[in-house]
Amino acid sequence: MRGVERPETLFSYVSLEDRIPANHPIRKLRAVVDALLRQMDDRIDACYAKRGRPSIPPHRLLRALLLQAIYSIPSERRLVEAIEYNLLYRWFVGLGLDEPVWDHSTFSANRERLLNQEIVQAFFRQVRDYAELRAVLSHEHFSVDGTLIDAWASHKSLAPIDEETGPHQGQGKNPTVDFTGEKRSNATHRSTTDPDARLFRKSAGDKAHLCYAGHVLMENRNGLVVDAEVTLATGTAEYEAAEVMVERSVPANATLAADRKYDAARFLDVLRRKGITPHIACKKVGSNIPEALTQSEAYRTSLKVRKRIEEIFGWVKTVGGLRKARFVGLAKVKVQALIAFAAYNLVRLAKLSGWPLKAT
C-alpha cells in the first residue's frame, strides 16, 4: 500500500549513540582516538590559561580535523556545516543532538591557537606508538620518498623580492598579469600571498609551480607512516629531510629503500655512519651504490616494496586533502600534513587484523 507521511515529532527517544551502527568502522577510530587524546591531557592543558572565556574543547577540535581528513571535507566552513546536520559527524566529534555547532570563524581561531606543530606532532607520535604497541610496525625495513604540495598561492602573486606587488594590469580580484620577457626564480621573486612557497618542478619536462615539499618515512611491513616532514621545495630538500627522519626514527642495522634521487654521496655517508643498509635505486651514471649490494635478493625486494609509499601519497592527496595546502606558511602546512598522515595511519590500522574495538 502507499506510504503516508507522518507529521514531525517534537521529541526523539533514540539516543545519538544508538543511531550509529554497532559495526561501523568509525567506532574503532573513535575508541582509539579517545584513548590517545586522554594520554595527551597534560600537554594540552599546558596550552590553556586557568581563567578566561571557555574555548572549543581541544579533544573535539582534533576529532573534527581528523574527520575532515577521513571524509575529504574541503574546508573548515564545510566541515562545521556538515557537523550541524550529520549525526555520524556529531557523534564522532562528541556533540550532543541539542548542542549548537561552532561558527566556522570560531573554529579556525581555536584551531590556530591550539594546534601548533608540537601538539600535532605529539598526536602523530601517539598514533605511531599505538601501532608499535599492536606489533604492526617493522623495525628492520623502511622506505623514504617525497612529493610536492601545491601552495595556496598562484603565479599571479609572484613579485620581485624588493617590491610588494607584482606586474598587475587591470583591476578586480583576478587582474591580468603579464610576465612576458621576465625571468622568474626563487632568487629574484617571492609570492606576496605565501612568501614560504617556492617555485619548483618535479621533473625536467614539468612546469614549475608554487609548492612545498612533503616527505614520508614508511615501514615496509604494513605501509604505515613512521615519520613525516614538510619543508621548502628545493633541489636538495628530499635527502636533507630524509637525513633528519633517519636520525630520528630509523634504528641501526635496518635497511632503507628509496628512488635514485637519494643516490647522493652525502646521504649515503649518513646511512653508513648509522649502520643502515642503503637499498636505493642506482643513478644511471655515477652511482654511489656498491654493485655487490644490488645483486642481493633483499635489495630487489626492498625496491619492489618501496613503491607502496605512493599509496600513502595517493591517499593523503585524494582523500586527506593534501594535494593543495589549505593554509599559508610552512608551519601551518606542516600541521595540515601531520593531521593527514595521522588520519592515514588510523584508517590503515583499522584495516589490519587484531585491532580491538576498545584501545588499551
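Details of the structure are given in the entry above.
Since the structure is predicted, the reported quantities are computational estimates derived from the model, not experimental observations.

The next thing to look at is the environment of Leu199. Among the secondary structure elements, Leu199 is positioned in strand β6 (residues 198-200). Separated by ten residues in the primary sequence, Leu199 and His189 have C-alpha atoms spaced 9.1 Å apart.

All of the buried residues along helix α5 (residues 76-85) are Glu76, Leu79, Val80, Ala82 and Ile83. Here the buried residues of α5 occupy an arc of 160° about the axis, which is enough to place them on one side. For α5, the exposed residues set more than 90 degrees away from the buried face come down to Arg77 and Tyr85. Turning to α5, the residues buried within the fold contact α4 (58-70), α6 (87-93) and α7 (104-114).

Core analysis: the largest hydrophobic core is formed by 106 residues, its most contacted members being Ile83, Phe107, Leu115, Phe123, Leu256, Phe267 and Phe341. When residues in this core are grouped by element, the largest group, 13 residues, is from helix α14 (residues 330-351). Residues in contact with Ile83, not counting those within four places in the same chain, are Ala64, Leu67, Tyr89, Arg90, Val93, Leu95, Val101 and Trp102. Formed by five residues, the second largest nonpolar core is a distinct cluster that contains Leu148, Cys211, Ala233 and Ala237.

Going residue by residue along strand β9 (residues 255-258), you find Thr255 and Ala257 tucked away on one face and Leu256 and Ala258 tucked away on the opposite face as well. Strand direction decides the pairing type here: strand β1 (residues 141-150) and β9, joined by three bridges, are parallel. Within β9, the position partnered with His141 by the bridge is Thr255. Where β9 lies against strand β10 (residues 277-280), four bridges are found, and the strand directions are parallel. Paired with Ala257 across the strands is His279, a residue of β10.

Helix length check: helix α9 (residues 237-249) (13 residues) gives 18 Å between terminal C-alpha atoms against 18 Å at 1.5 Å per residue, within 8%. Turning to α9, its buried residues are Ala237, Glu238, Tyr239, Ala241, Ala242, Glu243, Met245, Val246 and Ser249.

Cut-off values and rules
Residues numbered from 1 in each chain as written. Predicted model: local features only at pLDDT ≥ 70, side-chain atom pairs only at ≥ 80, totals over all residues. Heavy atoms only, no water. Helix = DSSP H or I, 4+ residues; strand = E, 2+ residues; numbered from the N terminus. Buried < 20%, exposed > 50% of the residue type's maximum accessible area, 1.4 Å probe, protein only. Arc of directions from axis to C-beta. Contact = heavy atoms within 4.5 Å. Core = buried A, V, L, I, M, F, W, Y, C linked by side-chain atoms within 4.5 Å. Pairing = 2+ DSSP bridges. Expected span 1.5 Å × (residues − 1).

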